[in-house]
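# Reading the structure
Residues per chain are reported as follows:
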Amino acid sequence: MPDKFDAIVVGAGVAGLAAAYKMAQEGLSVVVIERGDYPGAKNVMGGVLYRAMTEELIPEFWREAPLQRPVVEQRFWLMDSQSAVTTGYKTKEWAMEPYNCFTVFRSQFDQWFARKCTEAGVVIINETLVESCIMENDRVVGVRTGRPEGDLYANVVVLADGVNSMLSRQLGFHKEWEPRQVALAVMEELKLPSEVIEERFNLDPGMGATIEIYGDSTLGLVGTAFIYTNKEHISIGVGTLLSQVRQLKVRPYELLEYLKSHPMVRPLIKKGEPVEYYAHLVPEGGYKAIPKLVGNGVVVVGDAAQLVNGMHREGSNLAMISGRLAAEAIIMAYKIGSFEARDLSPYEENLRNSFVMKDLKKYKNASHLLEVNPQYLNEYIPATNMALHEMLTVDGMSKQEKQKAIIKRALSRKSLFSLGKDVYKAWKAMK
Amino acid sequence: MHIIVCVKQVPDTTEVRIDPETNTLDRSSAPAIINPYDSHAVEEAVRLKEQFGGKVSVISMGPFSAVEAIKKCIALGADDGYLLSDKKFAGSDTLATSYILALGIMKVCQRKPYDLIFCGKQAIDGDTAQVGPGIARRLGIPQLTYVKNISSVNPEQKEVKVHRKLDEGYEVVTAKMPCLITVEKEINQLRYSSLPDMLRAARYQPSIYGALDLNADPLMMGLKGSPTSVLKIFVPTQRGQGEILSGDGQIVVNQLINGLSSRLAQNI
Ligand SMILES: Cc1cc2nc3c(=O)[nH]c(=O)nc-3n(C[C@H](O)[C@H](O)[C@H](O)COP(=O)(O)OP(=O)(O)OC[C@H]3O[C@@H](n4cnc5c(N)ncnc54)[C@H](O)[C@@H]3O)c2cc1C
């Protein structure tokens, strides 16, 4: 008789581990199956990890988890080819418990999280690919792995297999993602002494900063770039919609090289020795792309369910919440001893009532808007740069004249009407 | 048959960096793996067990984290694992390590004596190839090193016949069991572990023995029991690329002779 578990979790990313941890805490027998050499081996993130959602699972995790730096400052750049309009926010409060968010290396964090799961009783199997779900009478009853004697059975299967989610596609929960529903992100870790990082980013020892960059960083493609500080590394990356990469035939590493050589960026990363290079997909389909989340004996969580808020680079936290909510629904189903779709549906309901779905709904048109209206990135950001340039360059012209010139130039490129239309569209997409 | 396999957890040397300024190993970024030769030793032991019946016990000396290496061995089909771990073992060189492992083997084999002991031919983090032979010497049994093939095992006659790899060709040797065998990678191909073995490994907890459990002599282990010490680790300086002469044979030979003699002249 092969082993049977209460739950099988496919994928040891933060979504899968969150679900496994919660279920094991409630006494369910749980196995996590991960194709990588170890949890986190394949997982990529900038990465900012949010305190609140992690703490819901593991109180005061920051005292023991392998974190890089608490983020005390978040900066935003609207970048043109030679300049940037910058803003941001820094506070002492984020430098103290309970903090707001941290930079992390996922390979380290996920391993630690997996160890917490093991301590809670979860069995973790690495280096094992799940090839398909085993179906019986229209319900998922287990998974088939690529190993000899590789079938495994459970009452419920949690699909936490990340952005591609081959398994939920096989179940017909969604089609293959369209190229505009995923972004391709590439990033590098550059090694630098911690004092150098602190000096360049104006940080107290041990503290961190993030920079989100819009505009020129992506060579005009719809996407964003980021620079995050770790203890002894700077993470620098750029992501753009796959549809755009294909259409405009840009190679991802060219984008990264462009970003690294940009005059605004270069001084920050000078002499950083590249030690790792990653490329990974990010779900960008948003609210409209969310697949079916619940079936008989099966739920979908995290990136596999397209739960990423690209506008706010939130993914890991949504993954963790979805994992936890799925676990809570499974625990309830376990108590009544039935794991049909209707028994698991509280997961979907609770997700819909949480900020996760509310946020995704709010931005449901945002990335599409940028894709069909490249002027937001390609015209308005340079125009903003130009406007500030003129206002702040002291050359003897009166401020009033300058304002007039700025407005005149804006209108020479675009009618007041189309400007107004763009503002309205943007407001609608964000409201 | 009771087969013992000694394994070591090592940093993945393909990922170890040596800081060229301080000449120290930066192991922080290198993941810990089971010494690759040792996996083949486990595989060979498991194959013999499948053929002749019996049991495979794995022994490792190392820090607590080496539990992971032992679990890997369970996934490969080993039955039991033992970790010899104690602060007093820290700093042991090959002499002290073979002492501790020999004690471990005796402890594990109190009830069920061993027929064969397997080791990898060497550990990739030190390349000394001394621990296996050291254990054999301490236990007073024959040692067969650099084995690339076991051509026959006869449990009744207590005899084993192997091919030992030499610089050129190989040597066929017969030895009495019990004996110790260190293996080359080519001795077998690792098999893909079955899911039940993976599950057993994930749940497995090896027994852990310290210096007291082994009745180890404090003067024979750790730094005190280690006459060798590492003075310096360095990256070998790169050798310049050789010069390649090509073209007509006669001309090339003349070029070579001229080149060599002018260089000789320079050196003198
Ligand atoms: C460059 C980049 C930067 C990012 N920055 C941030 C950030 O700063 N902050 C943030 O919150 N989010 C960020 N994200 C998003 C975030 O990384 C994801 O949302 C998050 O990792 C999702 O977690 P997950 O557990 O759903 O999926 P993953 O972390 O992708 O985990 C899926 C796991 O499933 C395994 N798997 C897949 N298929 C199978 C199979 N068939 N069998 C067995 N195992 C399988 C994979 O190996 C993997 O371990 C970023 C993403 C990228 C690419």
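In the block above lies the structure referred to throughout.
Below you will find a few notes about this structure. Residue positions are counted from 1 within each chain, in the order its sequence is given. Whichever chain is written first is A, and whichever ligand is written first is 1; the rest continue in order. With the structure being a predicted model, the display of local features is reserved for residues of pLDDT at least 70 and the display and counting of side-chain atom pairs for 80 or more, all residues being used for whole-chain, interface and lining totals. To get the side-chain values, take all heavy atoms of the structure and skip hydrogens and water.

## A word on the overall build of chain B
Strands are runs of DSSP state E lasting at least two residues, helices are runs of H or I lasting at least four, and both sets are numbered from the N terminus onward. Helix and strand counts for chain B come out as six helices and 13 strands. Each principal axis of the C-alpha distribution contributes one length, and for chain B these read about 75 × 45 × 40 Å. Any residue under 20% of the maximum accessible area for its type is buried, any over 50% is exposed, and the rest in between are partly exposed; the area is computed with a 1.4 Å probe on protein chains only. Put simply, chain B has 268 residues, and 45% of those count as buried. The criterion used for residue contact is that any of the two residues' heavy atoms lie within 4.5 Å. Put simply, of all contacts in chain B between residues at least 6 apart along the chain, 71% involve residues at least 24 apart. Throughout, the Shrake-Rupley method with a 1.4 Å probe supplies accessible areas, and for residues the shown protein chains are the sole cover considered. Just so you have it, chain B exposes about 15,000 Å², and 52% of that area is on carbon and sulfur atoms. In this tally Asp and Glu are treated as negative and Lys and Arg as positive; neither His nor the chain ends contributes. Every charge is mapped to an atom, namely NZ of Lys, CZ of Arg, CG of Asp or CD of Glu. Mean positive and mean negative side-chain charge positions of chain B (30 and 29 charges, respectively) differ by 6 Å.

## Looking at the nonpolar core
Remark: nonpolar core denotes a set of buried residues (Ala, Val, Leu, Ile, Met, Phe, Trp, Tyr, Cys) joined through side-chain atoms within 4.5 Å. With 127 residues, the main nonpolar core has Phe113(A), Tyr347(A), Phe118(B) and Ile181(B) as its most contacted residues. Grouped together as the second largest cluster of nonpolar side chains are 28 residues, Ile4(B), Ile105(B), Ala136(B) and Ala211(B) included.

## Some thoughts on the site of the ligand
Residues and elements named next belong to chain A. For this purpose, a residue is taken to be near a molecule or strand whenever a single non-hydrogen atom of the residue falls within 4 Å of it. As a structural note, the neighbourhood of the ligand is formed by 35 residues, with Glu-34, Val-48, Arg-106, Asp-303 and Ser-316 the closest of them. Polar contacts here mean pairs of N or O atoms no more than 3.5 Å apart (in protein, one a potential hydrogen donor and the other a potential acceptor; neighbouring residues in sequence count only if both atoms are side-chain atoms). Val-14 places a polar main-chain atom, nitrogen or oxygen, 3.1 Å from an oxygen atom of the ligand. At 2.8 Å, a backbone N or O of Val-48 approaches an oxygen atom of the ligand. Its free accessible area being 1,000 Å², the ligand has 96% of it covered by the protein chains. If you list the elements that add at least two residues to the shell around the ligand, you get α1 (14–25), β3 (48–50), β11 (182–191), β15 (273–283) and α9 (316–336). Nonpolar residues are Ala, Val, Leu, Ile, Met, Phe, Trp, Tyr, Cys and Pro. Charged residues are Asp, Glu, Lys and Arg, and all others, Gly as well, are polar. Within the shell around the ligand, the residues separate by chemical class into 17 nonpolar, 11 polar and seven charged.

## So, the environment of Ala12(A)
Residues and elements named next belong to chain A. Along the chain, the position of Ala-12 falls in the loop between β1 (4–10) and α1. Taking the relative accessible area as the measure of exposure, Ala-12 reaches 0% and is therefore buried. Sequence separation between Ala-12 and Tyr-253 is 241 residues, and the spatial gap between their C-alpha atoms is 27 Å. Residues contacting Ala-12, with those up to four places away along its chain left out, are Leu-17, Val-32, Ile-33, Glu-34, Pro-39, Gly-40, Asn-43 and Asp-110.

## Considerations on the pairing of strand β12 (residues 208–215) of chain A
Residue and element names in this part refer to chain A. β12 sits mainly inside the fold: seven of its eight residues count as buried. A pair of strands is labelled paired if DSSP reports no fewer than 2 bridges between them. Note: strand β4 (residues 69–79) against β12, eight bridges, orientation parallel. From the neighbouring strand, Phe-76 faces β12, where its bridge partner is Glu-212. With four bridges connecting them, β12 and strand β13 (residues 223–229) associate as antiparallel partners. Across the sheet, Glu-212 pairs through a bridge with Phe-226, a residue of β13.

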